[in-house]
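Secondary and tertiary structure notes
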Amino acid sequence: SRYEGTWQNDKANGYGKLFHADGDIYEGEWVDDKANGKGTYSHSNGAKYNGEWIEDKQQGFGNESWPDGAIYEGKYLEGKKNGRGKLTFADGSLYTGTFVMNEISGKGVYQWSDGKKYTGQWLSNKMHGNGHLIWPDSKEYIGTFFEDKRHGVGKFKWKDGREYDGQWERGK
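Residues numbered from 1 in each chain as written. Predicted model: local features only at pLDDT ≥ 70, side-chain atom pairs only at ≥ 80, totals over all residues. Heavy atoms only, no water.

Some details on the overall build of the protein chain
Scanning the protein chain for helices and strands turns up zero helices and 15 strands. Taking 2.2 N^0.38 as the reference for a compact globule, 172 residues should give roughly 16 Å; the C-alpha atoms of the protein chain span a radius of gyration of 21 Å, well beyond that estimate. Principal-axis analysis of the C-alpha atoms gives the protein chain an extent of 70 × 25 × 20 Å. Burial status across the protein chain gives 34% buried among its 172 residues. In the protein chain, the proportion of contacts linking residues at least 24 apart, taken out of those at least 6 apart, comes to 3%. Accessible surface, the protein chain as shown: approximately 9900 Å² in total, 49% of it carbon and sulfur. If the 25 positive side-chain charges of the protein chain are averaged to one point and the 26 negative ones to another, these points end up 8 Å apart. (Helix = DSSP H or I, 4+ residues; strand = E, 2+ residues; numbered from the N terminus. Rg over C-alpha atoms; globule rule 2.2 N^0.38 Å. Buried < 20%, exposed > 50% of the residue type's maximum accessible area, 1.4 Å probe, protein only. Contact = heavy atoms within 4.5 Å. Areas by Shrake-Rupley, 256 points an atom, 1.4 Å probe, with all protein chains shown as cover. Lys, Arg positive; Asp, Glu negative; His and termini not counted. Charge placed at Lys NZ, Arg CZ, Asp CG, Glu CD.)

Take a look at the structure:
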């Protein structure tokens, strides 16, 4: 690794650029040999993070992009997506809502690239809790979900107008 930038007390302090042996590069603010403040980390594989850092970890607001075209904009805590954010997936699907330690958890809206849309509660990347799911052909379900399946009380509406309002168990 090679560092180019300001030094103070034999440590990287101020603004500088660190070239890692594997081709990754961090350019930004430093405090006592650690990324602190605003900076950009560019991975040799094309992934890139631009945003706030504390103690060598992404923390605060930032945006991250990957070689497959996926993009995240939002809050980070200790190097993980945490808090409000927007994640656009490589296939064009979009999630806007809450993240907890890199997982979709809390309230949010997921719009699949095929037009399906879910608005509601999430837990560990799964629809979990109260929500509203609409399919591209206009079918919809309003009710409770458990691990991505209709479960509990809910109403399903078919596009021809038929409805089922009642109890669901693991999707049935």
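A few points about unusual backbone geometry
Even without glycine at this site, Met101 takes up a positive phi of about 45 degrees. Take Met101: it is sitting in the loop between β9 (94–100) and β10 (103–111).

Things to note about the packing of aromatic side chains
For the structure shown, the criterion picks out 23 aromatic pairs. When the ring of Tyr49 is compared with that of Trp53, the centres are 5.2 Å apart and the planes differ by 85 degrees; the resulting orientation is edge-to-face. No difference in accessibility class separates Tyr49 from Trp53, as the two residues are buried. When the centroid spacing of 5.8 Å and the interplanar angle of 40 degrees are considered together, the rings of Tyr110 and Trp122 count as tilted. Here Tyr110 is found in strand β10, whereas its partner Trp122 is found in strand β11 (residues 117–123), with twelve residues between them in sequence. When its relative accessible area of 11% is taken as the criterion, Tyr110 is described as buried. A cation over a ring is seen here: Lys116 above Trp112, with NZ or CZ 4.5 Å from the ring centre. (Phe/Tyr/Trp six-rings, centres within 6.5 Å; stacked < 30°, edge-to-face > 60°. Lys NZ or Arg CZ within 6 Å of the ring centre and 35° of its normal.)

A word on the pattern of salt bridges
One pass over the full model with this rule turns up seven salt bridges. With a closest N to O distance of 2.8 Å, Glu4 and Arg2 form a salt bridge. Looking at Glu4, the relative accessible area reads 41%, which means it is partly exposed. Taking the shortest distance from any N to any O, the salt bridge between Lys17 and Glu27 comes out at 3.8 Å. (Salt bridge = Lys/Arg side-chain N within 4 Å of Asp/Glu carboxyl O.)

Quick word on the side chain of Asn13
Here Asn13 shows up in strand β2 (residues 11–19). The class for Asn13 is buried, based on a relative accessible area of 12%. A distance of 3.0 Å separates a polar side-chain atom of Asn13 from the backbone oxygen of Gln8. Residues in contact with Asn13, not counting those within four places in the same chain, are Tyr3, Thr6, Trp7, Gln8, Trp30, Val31 and Asp32. (Polar contact = N/O pair within 3.5 Å; in protein donor to acceptor, adjacent residues only side chain to side chain.)

Focus: the pairing of β11
Strand direction decides the pairing type here: β10 and β11, joined by six bridges, are antiparallel. Opposite Lys107, over in β11, you have Gln121 as the bridge partner. As consecutive antiparallel partners, β10 and β11 are separated by five residues, and within that stretch Gly115 has a phi angle of approximately 105 degrees, a positive value. Across six bridges, β11 lies against strand β12 (residues 126–134) in antiparallel orientation. Across the sheet, residue Gly120 finds its bridge partner in β12, namely Gly131. In textbook terms, the turn of a hairpin is the stretch between consecutive antiparallel strands, and for β11 and β12 this stretch comprises two residues, one of which, Ser124, has a positive phi near 50 degrees. (Pairing = 2+ DSSP bridges.)

Geometric values such as these leave the question of function open.
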